[in-house]
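# Coordinate analysis (summary)
Here is what each chain is made of, one letter per residue.
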Amino acid sequence: MTAIKLDLQNISPFISGSALADCQEKVTRIHQSMEKGEGAGSEFLGWLHLPSNTPDSLLVDVNREAERLRGLAEVVVCIGIGGSYLGARAALTFCSHTFGNQLSRYKRGGPEMYFAGHNISSDYLTDLLELIGTRSFALIVISKSGTTTEPALAFRVLKQHLENRHGIEGARERIVVTTDSSKGALKELADGEGYPAFVIPDDVGGRFSVLTPVGLLPIAVSGIPIVELMAGARDMEKITTATADFLGNPAYGYAAIRHVLYQQGKTLEVMSGFHPALEYILEWWKQLAGESEGKEGKGIFPASVLFTTDLHSLGQWVQDGQRNLFETFMTLEKSNRELTVPTSSSDGDGLSYLAGKSLDFINEKAYKGTVEAHLEGGVPNLTLQLKDRSPRTLGAMFYFFQRAVAMSGYLLGVNPFDQPGVELYKRNMFRLLNKPGYGKE
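Here is a short report on the structure shown in this document.

Procedures and definitions
- Residues numbered from 1 in each chain as written.
- Predicted model: local features only at pLDDT ≥ 70, side-chain atom pairs only at ≥ 80, totals over all residues.
- Heavy atoms only, no water.
- Helix = DSSP H or I, 4+ residues; strand = E, 2+ residues; numbered from the N terminus.
- Rg over C-alpha atoms; globule rule 2.2 N^0.38 Å.
- Buried < 20%, exposed > 50% of the residue type's maximum accessible area, 1.4 Å probe, protein only.
- Contact = heavy atoms within 4.5 Å.
- Areas by Shrake-Rupley, 256 points an atom, 1.4 Å probe, with all protein chains shown as cover.
- Lys, Arg positive; Asp, Glu negative; His and termini not counted.
- Charge placed at Lys NZ, Arg CZ, Asp CG, Glu CD.
- Salt bridge = Lys/Arg side-chain N within 4 Å of Asp/Glu carboxyl O.
- Pairing = 2+ DSSP bridges.
- Axes fitted to C-alpha atoms, helices over the stretch in contact; angles between N-to-C directions.
- 1 Å grid on protein atoms, 1.4 Å probe; cavity = no way out; pocket = protein on both sides within 12 Å on 5 of 7 lines; lining within 4 Å.
- Points joined across faces, edges and corners; volume = space filled by probe spheres on them.
- Phe/Tyr/Trp six-rings, centres within 6.5 Å; stacked < 30°, edge-to-face > 60°.
- Core = buried A, V, L, I, M, F, W, Y, C linked by side-chain atoms within 4.5 Å.
- Parallel < 35°, antiparallel > 145°, perpendicular 65-115°, else oblique.
- Left-handed = near helix turned anticlockwise from the far one by under 90°.
- Nonpolar A, V, L, I, M, F, W, Y, C, P; charged D, E, K, R; others polar.

Attention now goes to the overall build of the protein. Scanning the protein from N- to C-terminus turns up 16 helices and ten strands. Scaling as 2.2 N^0.38, a compact globule of 441 residues should have a C-alpha radius of gyration of about 22 Å, and the protein matches this with 23 Å. Overall, the C-alpha framework of the protein stretches about 65 × 65 × 50 Å when taken along its three principal axes. Each of the 441 residues in the protein was classed as buried or not, and the buried ones make up 50%. Of the contacts formed within the protein by residues at least 6 apart in sequence, a portion of 79% connects residues at least 24 apart. For the protein, the accessible surface area stands at approximately 19800 Å², while carbon and sulfur atoms represent 52% of it. Between the averaged position of the 43 positive side-chain charges in the protein and that of its 50 negative side-chain charges there is a distance of 2 Å.

This structure, assessed with the given rule, holds 22 salt bridges. Between Glu283 and Lys286 there is a salt bridge, with its nearest N and O atoms 3.1 Å apart. One end of the pair is Glu283 and the other is Lys286, both in helix α12 (residues 279-293) and three residues apart, which spans about a single turn. Residue Lys286 is classed as partly exposed on the basis of its relative accessible area, which comes to 24%. Among the charged side chains, a network of salt bridges with common partners joins Lys144, Asp180, Lys183 and Asp202.

Turning next to the sheet that holds strand β5 (residues 175-179). Read from one edge of the open sheet, five strands run β3-β2-β4-β5-β6, paired in parallel fashion. A strand with exactly one partner marks an edge of an open sheet, and here the two such strands are β3 (112-116) and β6 (197-199). Recorded for the sheet is a direction-independent mean angle of 15° between the axes of neighbouring strands. Direction of pairing for strand β2 (residues 75-79) relative to β3: parallel, over a ladder of five bridges. Looking at the pairing, Val75 lines up with Glu112 of β3. Relative to β5, helix α8 (residues 185-193) is tilted by about 140°, and along the sheet it contacts β4 (137-142) and β5.

Let us look at empty space enclosed by the protein. One pass over the structure, following the stated rule, counts one cavity of 30 Å³ or more. Estimates place the volume of the largest cavity at around 40 Å³. The wall of the largest cavity is formed by Ala255, Arg258, His259, Tyr262, Glu293, Ile300, Ser408 and Leu412. Elements represented by at least two residues in the lining of the largest cavity include exactly α11 (250-263) and α15 (391-412). With four residues, the single largest contributor to the lining of the largest cavity is α11.

Taken as a whole and assessed by the stated rule, the structure comprises 15 aromatic pairs. Members of the aromatic cluster, each reached through a chain of ring pairs, are Trp47, Phe208, Tyr399, Tyr410 and Phe417.

A separate point is the nonpolar core. With 95 residues, the main nonpolar core has Met34, Trp47, Trp284, Leu394, Met397, Phe398 and Phe401 as its most contacted residues. Those residues in contact with Met397, other than ones at most four positions away along the chain, are Ile4, Ile281, Trp284 and Leu386. Counting 22 residues, the second largest nonpolar core, distinct from the first, contains Tyr114, Phe137, Ile175 and Ala190.

Our focus in this paragraph is the packing of helix α3 (residues 56-72) against helix α9 (residues 213-221). Relative orientation of the contacting elements α3 and α9 amounts to 45°, with a least axis distance of 8 Å. Comparing their axes, α9 and α3 come out oblique. In this structure, α3 meets α9 at a crossing whose hand is right-handed. On α9, the residues that touch Leu58, Leu59, Val62, Asn63, Glu65, Ala66, Leu69 and Arg70 of α3 are Pro213, Leu216, Leu217, Ala220 and Val221. Taken together, the residues of the contact of α3 with α9 break down into ten nonpolar, one polar and two charged.

The mixed open sheet is built from five strands, whose spatial order is β1-β10-β9-β7-β8. Strands with a single pairing partner mark the edges of an open sheet, and in this sheet they are β1 (4-7) and β8 (301-306). Neighbouring strand axes in the sheet, compared pairwise and without regard to direction, differ in orientation by 20° on average. Judged from the six bridges that link them, strand β9 (residues 325-332) and strand β10 (residues 381-386) form a sheet pairing that is parallel. Of the residues in β10, the one forming a bridge with Phe329 is Thr383. Across the face of the sheet, helix α14 (residues 359-376) comes into contact with β9 and β10 while running at roughly 170° to β9.

Here the idea is plain: a probe the size of a water molecule rolls over the atoms and shows the empty space left. By volume, the largest pocket is sized at about 1400 Å³. The wall of the largest pocket is formed by 46 residues, among which Thr93, Ser96, His97, Thr98 and Phe99 lie closest to the centre. Only α4 (86-95), α5 (105-108), β3, α6 (122-132), α12 and α14 provide two or more residues apiece to the lining of the largest pocket. For the lining of the largest pocket, the per-class residue count stands at 23 nonpolar, 15 polar and eight charged. Space inside the second largest pocket adds up to approximately 1000 Å³.

It is worth stressing that arrangement in space is one thing and function is another; only the former is reported here.
In structure tokens:
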């Protein structure tokens with residue numbers, strides 16, 4: 001199968017052919033506009049052909065810096081918030097060992113990887129500092145401006161610890177930044193201190209930046225082959241560029257289904273992942289969809305659950321709660337490993353009927369049973385099946401959702417690439433903190 005398969009058989013009872021035909025016309029017009037570099041927010045369409053336009057030399061540079069950090073540090077901390085960390089964290093969770101940081105370095109093959117700058121918490125940073133202890137460590141700092149509050153706070157604290165641990169000169173070689181090409185506080189600091197630096201393209205917004213050095217560097221440091229990741233993204237770019245027809249373009253098919261259901265009052269999408277490795281894929285998707293679509297009183301609210309775990313907490317609500325939702329299941333065709341249920345001389349747990357069957361086989365039946373149950377409960381649902389946990393599939397999935405969410409925003413009539421609502425809380429917080437220029441409480 002291809003990296004991503006879209007199963008729409010459970011949508012047909014809820015959507016008419018005429019509604020899809022009307023949507024197809026709109027999608028075709030929007031597709032043509034995007035390919036011409038037109039439309040609201042078109043100055044941020046740099047992600048559209050980023051995979052095919054990324055030179056091999058950039059991947060070589062990123063890999064070279066990643067190898068330097070891997071050899072230099074026992075621990076690497078990636079500092080960023082939103083799109084500056086979610087893509088990398090999703091990649092590590094998806095492709096790597098579930099308990100990678102707990103393995104020996106020999107088995108893990110590289111440094112322990114942690115994330116900071118995505119919250120404001122004394123406990124989190126203090127615990128992280130205690131975890132690092134006296135070990136050698138390095139920082140990857142990701143920020144367009146260098147003044148975003150959460151990562152700036154984390155960087156100030158961790159930079160001081162790094163300088164205390166390795167000295168000023170030692171810290172210089174252990175800090176790598178990804179920031180604006182020409183301006184901003186982090187750019188000025190990097191130039192002044194001589195930190196190695198990578199560029200966030202001017203025409204790529206944060207939540208669309210996972211396939212730039214924003215995501216590529218920490219992903220490469222973790223040991224995931226970014227050449228394969230980009231190959232998967234190029235595969236999906238080619239597919240979704242070639243045609244706007246739903247039958248040939250799964251990203252647009254998904255976007256169209258979402259839009260038609262939204263017009264019917266289905267204002268909440270529950271993305272239901274059926275594998276633990278999907279946990280941060282779901283978090284990355286929520287930011288991508290939420291910040292791109294939630295504007296002007298419009299937009300589908302993106303929620304996520306991780307099954308079967310959440311079937312024992314939120315399954316009841318999905319089954320019998322308000323009918324303002326639809327559900328997108330995300331499944332894996334193949335796990336990295338296979339574990340079968342052992343036989344037992346007794347059957348006290350009542351599981352002998354499953355002896356010899358794999359956990360993935362059982363999980364698949366749980367998925368199919370859930371699909372049937374939620375459909376009976378009146379929840380329209382579709383399925384995105386991922387081929388495997390390979391970097392190539394991951395790259396295809398990243399690009400798939402970028403295309404789909406951009407199309408969804410344009411179908412709603414909003415600019416998918418700005419986030420004006422995010423700025424209000426910042427202004428209020430700065431005022432309450434008496435930041436110069438924001439008045440006093």
